[in-house]
Each structure stands twice: as structure tokens, then as C-alpha cells.
Amino acid sequence: MASRFSVIFSLAALMRAGLLLYGIYQDNHSAMKYTDIDYMVFTDASRFVVEGQSPYQRDTYRYTPLLAWLLLPTTWQPNWVWFSFGKVLFAIADLVTGWLLLLVLRTEFPAMSEKSRLTYASIWLLNPMVATISTRGSSEGLLGAMVMALLWAVLNHHIVLASFLLGFGVHFKIYPFIYAPSIIWFLSAKTSSKSSTSAPTVFNQVLNFVTFDRIKVAVTSLLTFAVFNAWMYALYGHDFIQHTYLHHLTRIDHRHNFSPYNTLLYLSAATDTQSQDIKFESVAFIPQLLLSAIAIPLALAKRSLPGAMLAQTFAFVTFNKVCTSQYFLWYLVFLPLYLPSSSFIRNPLLGIGALVMWVLFQAFWLHQAFQLEFMGFSTFLPGLWCAGLGFFLVNSWILGIIVSDVGGNALLQQGKEKRRKTA
């Protein structure tokens with residue numbers, strides 16, 4: 001089995017190495033660059049830091065300064081050697097994520113063979129979409145490693161580590177805050193040793209809910225988040241708060257955006273909306289958060305934490321006003337933990353159908369976007385809008401299946417009970 005482990009991780013590493021080399025070739029020989037524009041933003045921000053300036057001097061840098069610091073080697077000489085440092089780092093993070101996935105699979109599916117666990121982990125490790133996004137210079141691989149480490153820590157009851165990872169993850173990129181309600185709800189409430197036929201009072205329910213583990217998660221994660229934010233604020237002031245957090249309330253990015261909000265964001269960007277009391281882009285997150293941060297955690301977290309986190313992330317991305325290809329990695333990382341007992345595996349036709357529709361509507365959208373951005377044809381209506389709406393409906397259908405699976409998943413529930421009994 002060790003040889004199979006070595007083969008899969010070697011293939012995953014070779015795939016990423018090959019894509020990195022191909023990317024260098026394409027960047028040097030093609031007008032259409034392999035390197036993602038976001039990577040240019042990261043490396044430019046690092047250059048400003050080296051010069052003693054703020055990374056926010058780089059227009060469109062919307063991240064914690066820690067990312068620019070992490071990529072400081074990209075400014076070293078010779079540049080042709082060090083420029084790809086960040087891409088290599090993100091590719092390594094992919095491999096670390098795959099290893100963490102294997103650890104979580106061992107925890108969640110103790111009866112599963114190691115061969116099967118490696119097969120499911122390969123869905124991430126050998127996924128060309130995952131490898132391409134990271135080697136183009138997207139930092140989402142780092143988030144994948146953080147989130148999977150967070151999940152492993154919670155499932156194995158390393159509460160302080162999990163709390164630190166949660167706080168740091170939210171500082172690094174705000175979306176992991178949606179996992180806090182699921183983690184809090186997942187951690188068992190106290191059980192009373194006294195039997196009583198009367199209904200518990202509200203006071204007793206509150207006392208039962210407030211456990212030491214839940215207090216540790218709340219205090220440690222908030223403290224971690226606050227310390228990193230205070231540190232960055234002391235260095236970069238309001239620019240840090242505005243560009244890292246507040247910007248997301250009013251952002252109107254419409255390029256490369258699969259969301260059905262795409263056309264509305266374009267119109268908002270193209271017209272003067274200063275007179276409006278409330279802009280739709282500032283309230284579009286309300287249904288998204290009600291679903292992903294409240295409804296799904298309450299319904300699913302106690303049944304399966306990995307399943308709940310998948311459903312949360314899928315809902316968050318699907319209902320987000322900005323939805324780009326990089327965001328798909330946020331939920332793809334959970335697929336190896338969900339698929340073993342999913343409807344998509346029990347009914348292969350359903351699984352193949354869902355995959356084909358997910359890919360086809362992306363292709364339809366990309367075709368319309370290519371016609372708009374490269375060919376100069378106005379495809380906003382009906383093409384681009386219909387493509388975005390169709391992709392949203394497909395994702396909503398898939399989300400419904402995921403929620404149904406996790407809500408009635410006996411296999412994962414049994415595995416969780418076994419783990420608790422042996423803890």
C-alpha cells in the first residue's frame with residue numbers, strides 16, 4: 001500500500017511540475033498568458049513590500065499582507081528562477097491538502113480500505129482543474145490546506161489547534177467564518193445525569209449548550225483573528241480593513257464571474273448609483289449567509305461535519321455575487337469525503353449527469369464570455385445572463401442532492417458514533 005501512496009503522490013507532483021514548465025513556455029511564447037492575473041497582483045504587492053511600501057499600493061490587492069510577505073522570494077534575483085516561487089508553494093499546498101484528506105478519510109471511514117481512501121483522495125490530487133488553478137498562481141491551495149487541517153483537528157478533538165486555524169483562516173480569507181457555526185454545533189452539548197420527565201428550562205438549555213470546548217473555540221478563534229488583524233492594522237491602517245474586508249460588501253466584479261448577478265454588477269459598474277440609499281451589491285450576501293452560515297449548520301452539522309462544510313461551501317459559492325473558477329476549489333476539496341456514501345456513487349447515471357451538466361453550463365458561459373471579451377460581441381443578453389442563470393440552477397439542484405444525502409447519511413453517522421465510542 002505504501003507503493004500505491006508513493007505512486008499517487010508522485011503522479012500528482014509530476015502533473016504540477018509539468019504544468020509549471022508548460023506555463024513558463026506559454027508565458028514566453030503566447031499572447032494568451034498561462035499565469036493568472038491574480039499572481040501578478042500578488043508578486044507586485046510583494047515588490048512594494050520590499051521597497052518599504054504598503055502592498056495595497058498595488059491596485060486590486062484585496063488580501064492580507066501576509067500573502068505578500070509569503071511571496072517575498074518572488075522579488076529575488078535572478079527573477080526567472082524565483083518568479084515561480086509562489087506557484088511552487090501553492091502546488092505543494094495542493095499535495096499537503098491531499099495528505100490531510102487521507103487523514104480525514106481514515107478518521108471518517110475507519111472500515112474503508114486504504115486503497116479506497118487513496119482512490120478518493122486522488123479526486124483532489126490528480127484533478128487537472130485543481131492542479132491548473134494552483135500552477136497558474138491562485139492561492140486557493142493554501143486555503144484548502146488550512147480548511148482540511150481545521151477539519152482534521154476538529155474531528156480528532158484538537159480543539160486549541162482547530163480554534164487557531166479557524167481564526168487564522170478567517171484572517172487569511174474571510175469565507176471560512178461560515179464553518180464556525182457548524183463546528184460549535186458539532187461539538188456535543190453536555191448531557192445531564194439526572195433523569196427528568198419535565199421539559200428542560202431555557203436556562204438549563206443554555207447551560208447545556210455552553211461547554212468548555214465551545215468556549216475554547218469561540219475565545220481562541222476570536223483572539224487569533226483579533227491579534228492578526230490588530231497587527232496588520234498597526235502596520236497598514238485603514239487600507240488593510242478596507243481592502244481585505246469592507247471591499248467585499250461593495251465589490252462589483254463582473255469579469256470572469258459565473259454568478260447570475262453578473263449582468264446586474266455590470267450595469268451597476270457602468271451607471272452612477274451614488275444616489276441610491278441601498279445598493280443591491282451590499283445586501284446580496286444576506287440570502288447567501290442565511291443559507292450557508294445558519295440553516296445548513298443547524299440542519300447538518302451534527303450528522304456529518306465534513307458533509308455540512310461541503311454543503312455550506314457549495315451554497316456560499318453558488319449564491320455569492322462573485323463566482324470565479326478559483327472558488328470551485330473551496331468545495332471540490334470536500335468531495336472525497338462526501339462521495340463514498342453519496343447518491344452520485346450509488347446511482348452512477350445521476351453522478352455522470354450532474355458532472356456533465358456542471359461542465360456544459362460552464363462551457364456555455366465561457367463561450368459567451370469569450371465572444372464578449374475577445375471577439376467584441378455584446379452577449380450580455382440573453383447569452384451570458386442565461387448561461388449564468390442556468391449554471392446557478394444546476395448548482396442549486398446539486399446542492400439539494402448534497403443536503404439530502406448528508407441529512408440522511410447513515411454510514412457517516414455510524415462512523416462518527418464508532419469514533420466517539422473509542423475516543
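Worth saying up front: this structure is predicted, and the values here are computed from it rather than measured.

### Some remarks on the overall build of the protein chain
In terms of regular secondary structure, the protein chain is built from 23 helices and 0 strands. A total of 423 residues make up the protein chain; the buried ones form 50% of that total. At a minimum sequence separation of 6, the contacts of the protein chain that also span at least 24 residues come to 72%.

### Quick notes on the packing of aromatic side chains
Two numbers describe a pair of aromatic rings. These are the distance of the centres and the angle of the planes. Under the criterion given, the structure shown has 36 aromatic pairs. Ring centres 4.4 Å apart and planes at 40° place the aromatic pair Phe314 and Tyr331 in the tilted group. Separated by 17 residues along the polypeptide, Phe314 in helix 17 (residues 305–318) and Tyr331 in helix 18 (residues 328–332) bring together distant segments of the chain. When sorted by exposure, Phe314 lands in the same class as Tyr331, which is buried.

### So, unusual backbone geometry
Note the cis peptide between Gln77 and Pro78, where omega equals 0°. Structurally, Pro78 is set in the loop between helix 3 (65–70) and helix 4 (79–82). Backbone geometry at Thr60 places phi at a positive 75°, although glycine is not the residue there. By secondary structure assignment, the location of Thr60 is in the loop between helix 2 (37–50) and helix 3. By relative accessible area, Thr60 is classed as partly exposed at 37%. In this model, His157 sits at a positive phi of 60°, which is unusual for a non-glycine residue. In this structure, His157 sits in the loop between helix 8 (140–155) and helix 9 (159–172).

### A short note on a nonpolar patch on the surface
Taken together, Leu246, Leu249, Val283, Phe285, Ile286, Leu290, Ile294 and Leu298 make up a surface patch of nonpolar side chains, about 660 Å² in accessible area. Elements with a minimum of two residues in the nonpolar patch: helix 13 (238–250) and helix 16 (285–300). Of the residues forming the nonpolar patch, the biggest block, 5 residues, is contributed by helix 16. Looking at the element boundaries, Leu298 is found in helix 16. A relative accessible area of 54% means that Leu298 is categorised as exposed.

### Some points on the packing of helix 12 (residues 212–236) against helix 13
Two packed helices can be described by the angle between their axes and the distance between those axes. Running from amino to carboxyl end, helix 12 crosses helix 13 at an angle of 125°, the nearest separation of the two axes being 7 Å. It follows from the interaxial angle that helix 12 and helix 13 lie oblique. Of the residues in helix 13, those touching helix 12 at Phe225, Asn229, Met232, Tyr233 and Tyr236 are His238, Asp239, Phe240, Ile241 and Tyr245. Split into classes, the residues belonging to the contact of helix 12 with helix 13 amount to 7 nonpolar, 2 polar and 1 charged.

### Looking at the pattern of salt bridges
The full count for this structure, using the stated rule, is 10 salt bridges. Two residues, Lys87 and Asp27, come together in a salt bridge whose shortest N-O distance is 3.9 Å. Within this pair, whereas Lys87 is found in helix 5 (residues 85–108), its partner Asp27 is found in helix 1 (residues 2–29), the two being separated by 60 residues in sequence. What makes Asp27 buried here is its relative accessible area of 17%.

### A word on the side chain of Lys87
Residue classification places Lys87 among the buried residues on the basis of a relative accessible area of 3%. For Lys87, the residues in contact, after removing those within four places along its chain, are Leu20, Asp27, Thr35, Tyr39, Ser134, Thr135, Arg136 and Gly137.

### What about the UniProt feature "transmembrane region" (unreviewed entry) in the protein chain?
The UniProt record marks residues 7–25, 80–105, 117–135, 141–165, 217–236, 313–337, 349–367 and 387–412 with the feature "transmembrane region" (unreviewed entry), using the residue numbering of this structure. Helix makes up 100% of residues 217–236 and strand 0%, and the two end C-alpha atoms of the span are 28 Å apart. Annotated as 56% helix and 0% strand, the span residues 313–337 places its first and last C-alpha atoms 14 Å apart.

### Examining helix 13
Where helix 13 bends most, at Thr244, the angle is about 35°. Each element contacted by the buried residues of helix 13 is listed here: helix 3, helix 9 and helix 12.

### Regarding helix 5
For helix 5, built from 24 residues, the straight-helix expectation of 34 Å at 1.5 Å per residue is met to within 8% by its first-to-last C-alpha distance of 34 Å. Here helix 5 lies mainly inside the structure; 17 of its 24 residues are buried.

### A short note on the nonpolar core
With 108 residues, the main nonpolar core has Tyr61, Leu67, Met148, Leu151, Tyr179, Phe328 and Phe334 as its most contacted residues. Among the elements that line this core, the one with the most residues is helix 8, at 11 residues. No fewer than three residues from each of domain 1 (141–188 + 207–250) and domain 2 (253–416) sit in this core. Filtering out sequence-adjacent residues up to four positions away, Phe334 remains in contact with Val147, Met148, Leu151, Tyr179, Pro306, Met309, Leu310 and Thr313.

Conventions we followed
Residues numbered from 1 in each chain as written. Predicted model: local features only at pLDDT ≥ 70, side-chain atom pairs only at ≥ 80, totals over all residues. Heavy atoms only, no water. Helix = DSSP H or I, 4+ residues; strand = E, 2+ residues; numbered from the N terminus. Buried < 20%, exposed > 50% of the residue type's maximum accessible area, 1.4 Å probe, protein only. Contact = heavy atoms within 4.5 Å. Phe/Tyr/Trp six-rings, centres within 6.5 Å; stacked < 30°, edge-to-face > 60°. Patch = residues over 30% accessible without salt bridge, like charges linked within 9 Å, V, L, I, M, F, W, Y side chains within 5 Å. Areas by Shrake-Rupley, 256 points an atom, 1.4 Å probe, with all protein chains shown as cover. Salt bridge = Lys/Arg side-chain N within 4 Å of Asp/Glu carboxyl O. Axes fitted to C-alpha atoms, helices over the stretch in contact; angles between N-to-C directions. Parallel < 35°, antiparallel > 145°, perpendicular 65-115°, else oblique. Nonpolar A, V, L, I, M, F, W, Y, C, P; charged D, E, K, R; others polar. UniProt positions renumbered as here; feature names shortened; annotations may be inferred. Bend = angle between axes of the 7 residues up to and from the residue. Expected span 1.5 Å × (residues − 1). Core = buried A, V, L, I, M, F, W, Y, C linked by side-chain atoms within 4.5 Å. Domains from an automatic or database assignment.

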